[in-house]
Amino acid sequence: MLDHTPDIAAEQNPPSQEALRVGELLKQVADPKRGGLAQENLVRTLREHSRASDRLGESVAVPGTLYSKTAENCLQDWNRTVTFLSAISSAVQTLAQRKSEGPLYAVDAGCGPFALLSLALALENDRIQVLAIEGNPASVERATTLVNNLGLSDRIHIILEDCTTCELPCAPDLLVTETFDNGLLKEQGVQILDNLAPQVGPRAAILPCEVSVECSLSSMSLPEAHMALGDIYRGCWNGDESKAVNEPLIAAGLLRGLYHLQLESSYHFPCGGALTSKIGSAISLKETMAVFRVLEDGASITVSHPPGEPYVYLESSPRGAVEVVHFIHCKTPRV
Ligand SMILES: C[S@@+](CC[C@H](N)C(=O)[O-])C[C@H]1O[C@@H](n2cnc3c(N)ncnc32)[C@H](O)[C@@H]1O
């Protein structure tokens with residue numbers, strides 16, 4: 001069990017002027033007119049205030065954690081950022097109505113160097129107490145510096161821990177995590193939700209509550225020959241802990257030529273039985289792919305993703321009918 005217990009009794013200071021400005025920028029980033037400028041200002045402000053000493057080096061000792069520079073860049077995936085911010089805003093408003101007094105406990109699993117989602121939570125409602133967990137010491141130090149500089153240390157409590165194994169000090173009303181780098185194959189968003197989702201309070205909101213990875217195949221010589229093979233992974237964390245891992249996908253009767261296998265991950269926010277039926281929309285990342293050559297007409301390939309593995313596996317039938325050209329997070333054949 002983590003030894004950090006949120007300080008429920010402590011008087012909360014009103015947010016500093018700079019924190020309020022960050023709150024305004026977070027609201028403006030999706031604005032069609034002012035969004036571009038707000039995005040630039042937000043990046044600059046968070047960078048300035050999160051400058052930490054070089055005392056602590058980068059570490060990716062916890063599997064799946066990112067270097068703080070890499071995690072910092074996630075902010076500028078604006079499709080992702082805007083969707084998470086909007087889901088957080090709706091979820092906090094719903095929770096605040098349902099629990100009309102006392103603290104609202106939130107956990108930001110994998111907060112990164114800007115503790116972006118923690119800031120959005122803490123600035124959405126004065127009653128929020130956030131436990132922000134991060135596995136990279138350099139990101140923990142930067143996020144702590146930032147939160148202190150913004151005067152939000154009585155609302156956001158940052159700790160160094162592995163979210164796949166840690167035990168929470170109390171059951172949160174809201175759990176948010178954005179740890180889905182490279183279509184679930186790098187960061188361990190699935191394992192993180194497997195560990196933390198069962199620890200949330202009754203009727204808590206979990207964002208996202210579902211993640212899926214869709215697999216598709218296209219011929220590079222016949223670009224119009226595009227096959228959606230289906231979901232290679234689908235996991236839900238919607239309170240009943242239901243979870244389904246799909247069977248291997250098979251593409252049969254392939255003609256000779258170069259092929260491109262693409263994995264596209266989406267996360268959804270229909271979230272927790274008690275919340276609004278749809279908060280935010282699905283968003284996707286197109287980052288993981290493989291290029292391979294089919295050497296014989298009529299070959300088939302099987303694509304599978306054993307849960308928790310950092311690779312998708314490709315097998316061909318007949319064996320040896322596929323030649324690897326370029327693989328990212330894919331392996332063949334499976335042993
Ligand atoms: C994709 S970044 C997102 C950062 C931030 N939440 C945001 O939305 O901008 C995910 C962060 O989670 C951290 N992380 C990944 N796996 C983790 C784990 N098992 N335990 C703790 N932190 C983890 C990474 O180091 C990284 O800083």
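These numbers come from a predicted model, not from an experiment. (Residues numbered from 1 in each chain as written. Predicted model: local features only at pLDDT ≥ 70, side-chain atom pairs only at ≥ 80, totals over all residues.)

Asks: Would you take a moment to explain the overall build of the chain for this structure?
Replies: The number of helices and strands found in the chain is seven helices and 15 strands. Across the 335 residues that make up the chain, the buried fraction comes to 43%. Considering only residue pairs separated by 6 or more positions, the chain has 72% of its internal contacts joining residues 24 or more positions apart. (Helix = DSSP H or I, 4+ residues; strand = E, 2+ residues; numbered from the N terminus. Buried ≥ 20, exposed ≤ 12 C-beta atoms within 10 Å, placed from the backbone. Contact = placed C-beta atoms within 7 Å.)

Asks: Help me understand the site of the ligand in this model?
Replies: Near the ligand, the surroundings consist of 26 residues, among which T65, A71, G110, G112 and G135 are the closest. Secondary structure elements with two or more residues in the shell around the ligand: α5 (116-124) and β2 (128-134). A per-class count over the shell around the ligand returns eleven nonpolar, ten polar and five charged. (Near = placed C-beta within 6 Å. Nonpolar A, V, L, I, M, F, W, Y, C, P; charged D, E, K, R; others polar.)

Asks: Could you clarify how one ought to interpret helix α7 (residues 189-196) in this entry?
Replies: Each α-helix winds once per 3.6 residues, and so residues spaced three or four apart point in a common direction. Residues G189, V190, I192, L193 and L196 constitute the buried set of α7. For α7, the angular spread of buried residues about the axis comes to 160°, placing them on one side. On its buried face, α7 sits against β1 (104-109), β4 (174-177), β6 (210-219) and β7 (226-236). (Arc of directions from axis to C-beta.)

Asks: So what exactly am I meant to see when it comes to the sheet that holds strand β15 (residues 330-331) here?
Replies: The strands making up a sheet associate through backbone hydrogen bonding, with each pair oriented either parallel or antiparallel. Read across the open sheet, the four strands follow the order β9-β12-β13-β15; overall the sheet is mixed. At either margin of the open sheet sits one strand with a lone partner, and together these are β9 (249-254) and β15. Bridge count for strand β13 (residues 312-317) against β15 is two bridges, and the pairing is parallel. Its bridge partner being in β15, Y313 is matched across the sheet by K331. (Pairing = 2+ DSSP bridges.)

Asks: Hey, could you run me through the pairing of strand β3 (residues 156-160) in this one?
Replies: Here five bridges tie β2 to β3, and the two strands are oriented parallel to one another. Bridging across to β3, I133 finds its partner in I159. A crossover links β2 with its parallel partner β3, the connecting element being helix α6 (residues 137-149), and its sense is right-handed. (Right-handed = clockwise from strand over helix to strand, strands pointing away.)

Asks: How should I be thinking about the sheet that holds strand β5 (residues 205-207) in this particular structure?
Replies: Strand order across the open sheet formed by five strands is β3-β2-β1-β4-β5, with parallel pairing between neighbours. Each having just a single partner strand, β3 and β5 make up the two edges of the open sheet. Between one strand axis and the next, the sheet turns through 15° on average, direction left out of account. Bridging between β4 and β5 involves three bridges; their strand directions are parallel. From the neighbouring strand, L174 faces β5, where its bridge partner is A205. (Axes fitted to C-alpha atoms, helices over the stretch in contact; angles between N-to-C directions.)

Asks: What am I meant to see in unusual backbone geometry here?
Replies: If a residue is not glycine, its phi is most likely negative; likewise, a peptide bond is most likely trans. A cis amide bond links L207 with the next residue in sequence, P208, at an omega value of -10°. With respect to the secondary-structure elements, P208 resides in the loop between β5 and β6. The amide bond that connects S317 to the next residue, P318, takes the cis arrangement and shows omega of -5°. Mapping P318 onto the fold places it in the loop between β13 and β14 (322-327). The backbone of A115 shows a phi angle near 40°, a positive value even though the residue is not glycine. Mapped onto the elements of the fold, A115 is located in the loop between β1 and α5. Judged by local crowding, A115 falls into the buried class, with 28 C-beta atoms found within 10 Å.

Asks: Can you walk me through the confidence of the model for the chain in this structure?
Replies: Do not read the predicted coordinates in detail wherever pLDDT is low. Averaged over all residues, the pLDDT of the chain is 84; the fraction at 70 or higher stands at 82%. Under a pLDDT of 50 for its full length, residues 271-280 has, in the predicted model, 32 contacts with residues more than four places off or in other chains. (pLDDT = per-residue confidence, 0-100.)

Asks: What should I look at first to understand the environment of A225 in this one?
Replies: Mapped onto the secondary structure, A225 falls in the loop between β6 and β7. Setting aside chain neighbours within four positions, we find A225 in contact with S218 and S219.

Asks: Is there a simple way to think about α5 in this case?
Replies: With respect to burial, α5 is a largely interior element, nine of its nine residues being buried. Turning to α5, its buried residues are L116, L117, S118, L119, A120, L121, A122, L123 and E124.

Asks: What am I meant to see in the packing of helix α1 (residues 17-28) against helix α2 (residues 35-49) here?
Replies: Packed helix pairs are specified by the crossing angle of their axes together with the interaxial distance, meaning the distance between the axes. Across the interface, α1 lies against α2 with an axial gap of 8 Å and an inter-helix angle of 140°. Classed by the angle they form, the pair α1 and α2 counts as oblique. Like other packed secondary-structure pairs, α1 and α2 cross with a definite hand, here left-handed. Within the contact between the two elements, α1 uses V22, L25, L26 and Q28 and α2 uses G35, A38, N41, L42 and T45. Looking at the contact of α1 with α2 residue by residue, the class counts come to five nonpolar, four polar and no charged. (Parallel < 35°, antiparallel > 145°, perpendicular 65-115°, else oblique. Left-handed = near helix turned anticlockwise from the far one by under 90°.)

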